[in-house]
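Breakdown of the fold
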Amino acid sequence: MPHDELSRLVREDSVHKRVYTDPAIFELEMERIYGQAWIYVGHESQVKAPGDYDTTRIGDQDVIMVRAADGSVKVLYNRCAHKGAKLVAEGSGCVGKFFRCPYHAWTYQLDGTHLSAPLRSGFEGTCYDPTHPDFSMRALARVESYRGFVFASQSAQGIDLRTFLGGVVSSIDNLCDRSPVGEVEVAGGSFRVLQQSNWKVFYENLSDTMHARVTHESSFTAAREQSREIGEMPFELLIMDGNGEPYAFWEKLELRAYHHGHGYMEGIFDPGAATRDPVAAEHFANLSAAHGEDRARAILGMNRHNTIIYGSGSPHTVYQQFRVIRPLTVDRTMIEIQLFRCKDAPAAVFDRALTYANLINSPSSNVMPDDVELYRRCQEGNGTRGGDWVSLHRYLGTDRALDDGWVSTNGTSELPMRNQFAAWKAYMLAPGTEARHAA
Ligand SMILES: [Fe+2]
C-alpha cells in the first residue's frame, strides 16, 4: 500500500474507518508496529526457575518466554528448526533442562541453541550443522526488562526500552513501589476476554472519559441503588460508582500523552488515600515501616487511573493489574488480564486487586462487558456504508506541548486518541517500510 494512501487515512482531527476494518492494514500493522516496537511479553515472576516458560504472542508471532540455565530470561519464536512445529503448547509450564520437540525429538537448550537430533548418522554428507543458527530456535532480536516487566522487539534496530517507555515508566514504578520491597509478582491465572473488534479501539477507550457515565449507566446506577438500600458504600460498590461521576469531574483529570502513543489519565495528588479505609491504613503502615510516612504517602497518594503502553496494554497502579492487548485479526482482539501481588504487602491489598479485577474487568464483570459491546458495535457500524470518518475533534488545538509529549487542558480531550494515531502514522510510514514491503 503506497505511503500517500496510508497517510490520507489519518487526519489531525479524524481517522478513516479503514484503519479498523481493512485486513491489509492489519497485516501492515503486524509488520510495521508489532515487528518494530517494544512489546510486553510477560513478567519475570512467571518464569521463576530454569526451564519455566510461558507462551504468548507478539503481534502475529507465537513466542515463548523462558528462564534459561544462566538465570536470564529469553524470548524465542515457538518453532522447531526441523519441520517448524510449535515446540510447546499454549500456556505455561516447565520444560526441564531442555526443549524437546514432540514431533521428531529434536532438542534445544533453554536459550534455543540446538542440542541434538536423533540418529546423527543420517546427516553425514549433508549441510546439517548443529552449530549453524538455522538449526537452532530463533530468539527475538532484543529483550529488555524494566522492574521485572519483560519486553521484546523483533527489530535489532531502535531505541532502548527505557527511552521507548518515556514518562509511563512512572506507572510501572508506582505499581512496584506499592510493595515495601519494591517488587511485584504475577499471582493466579489471567482473565481472558475475546473482543469482536479491532485492537486500537481498546487503547482509545482507556482514556475516553466521555464514555463512562453513558456506557456504564446500568452498573453505576445499580451500585448507587444498592448503596442506598444498605446505607453504606463498600469498596465493591464504590469502584462501580466511580463511572457515574459528572462531566465536571472528568474535565478536571489530566491526560498525558507521550511519544510512541503512550500516556495516562491522572487525578490530582490525593494524600488522603493513605488513610481512607482500614485496608489503605494497613498498607500505609506497611509502606511507612519500610520508607517513612512521607514516601509512603507519596506512593499511595498517586492518583493514577489507566495507563497506556501503546502496542502492549494497560498497567494499573492502584489495583495492580496489567491488561495485555493481543491483536488476533483485524476484528478480533484478546485481552489477558494479569494480576500482581505486591511482595511483603498486607494480604488485603491483593484481595482488593482481585475484587477490582473481578468486578470491573473480568468476563463476569458488570462493567467491562458494556465496553466490549460498544467496541463490537463500532466494528460493525464501521463495516456499513453509513460514513467513512471517525471523529477525534474534542479539544483539538488546546493541548499543551511539553518536552516529552503533550498534556490536555481538559480531561475530556481526545488528545490520547490523536496522540495514538500520530504514533500509528509514524510507525506505518517509517522510512524504508514502503520499499521493504514492495520487495
Ligand atoms: Fe468503559
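Residues numbered from 1 in each chain as written. Predicted model: local features only at pLDDT ≥ 70, side-chain atom pairs only at ≥ 80, totals over all residues. Heavy atoms only, no water.

Paired through backbone hydrogen bonds, the strands of a sheet run either parallel or antiparallel to each other. The antiparallel open sheet is built from three strands, whose spatial order is β7-β8-β9. Either end of the sheet is taken by a strand with one partner, and the two such strands are β7 (99-100) and β9 (114-116). (Pairing = 2+ DSSP bridges. Helix = DSSP H or I, 4+ residues; strand = E, 2+ residues; numbered from the N terminus.)

Evaluation of the coordinates by the stated rule reveals zero disulfides. No disulfide involves C101; its nearest neighbouring cysteine sulfur is the one of C80, lying 3.8 Å away. Counting only cysteine sulfurs, C80 is the nearest neighbor of C127, a cysteine outside any disulfide, at a range of 18 Å. (Disulfide = S-S within 2.5 Å.)

Bringing the packing of helix α11 (residues 278-291) against helix α13 (residues 347-361) into the picture now. Helix packing for two helices is described by the angle between their axes and how far apart those axes are. For the pair α11 and α13, the least separation of the axes is 9 Å and the interaxial angle reads 135°. On the basis of the axis angle, α11 is oblique to α13. Our pair here, α11 against α13, has a crossing hand that is left-handed. Along the contact surface, α11 presents V279, A280, E282 and H283, while α13 presents A348, V349 and R352. Of the residues assigned to the contact of α11 with α13, the class counts are four nonpolar, one polar and two charged. (Axes fitted to C-alpha atoms, helices over the stretch in contact; angles between N-to-C directions. Parallel < 35°, antiparallel > 145°, perpendicular 65-115°, else oblique. Left-handed = near helix turned anticlockwise from the far one by under 90°. Contact = heavy atoms within 4.5 Å. Nonpolar A, V, L, I, M, F, W, Y, C, P; charged D, E, K, R; others polar.)

Okay, helix α14 (residues 368-381) next. Between its terminal C-alpha atoms α14 stretches 20 Å, which fits the 20 Å expected from 14 residues at 1.5 Å a residue. Those residues of α14 lying buried are M368, D370, D371, V372, Y375 and Q379. As for α14, its buried residues are in contact with α2 (18-21), β13 (191-195), α6 (199-206), α7 (212-215), α8 (217-230) and α13. (Expected span 1.5 Å × (residues − 1). Buried < 20%, exposed > 50% of the residue type's maximum accessible area, 1.4 Å probe, protein only.)

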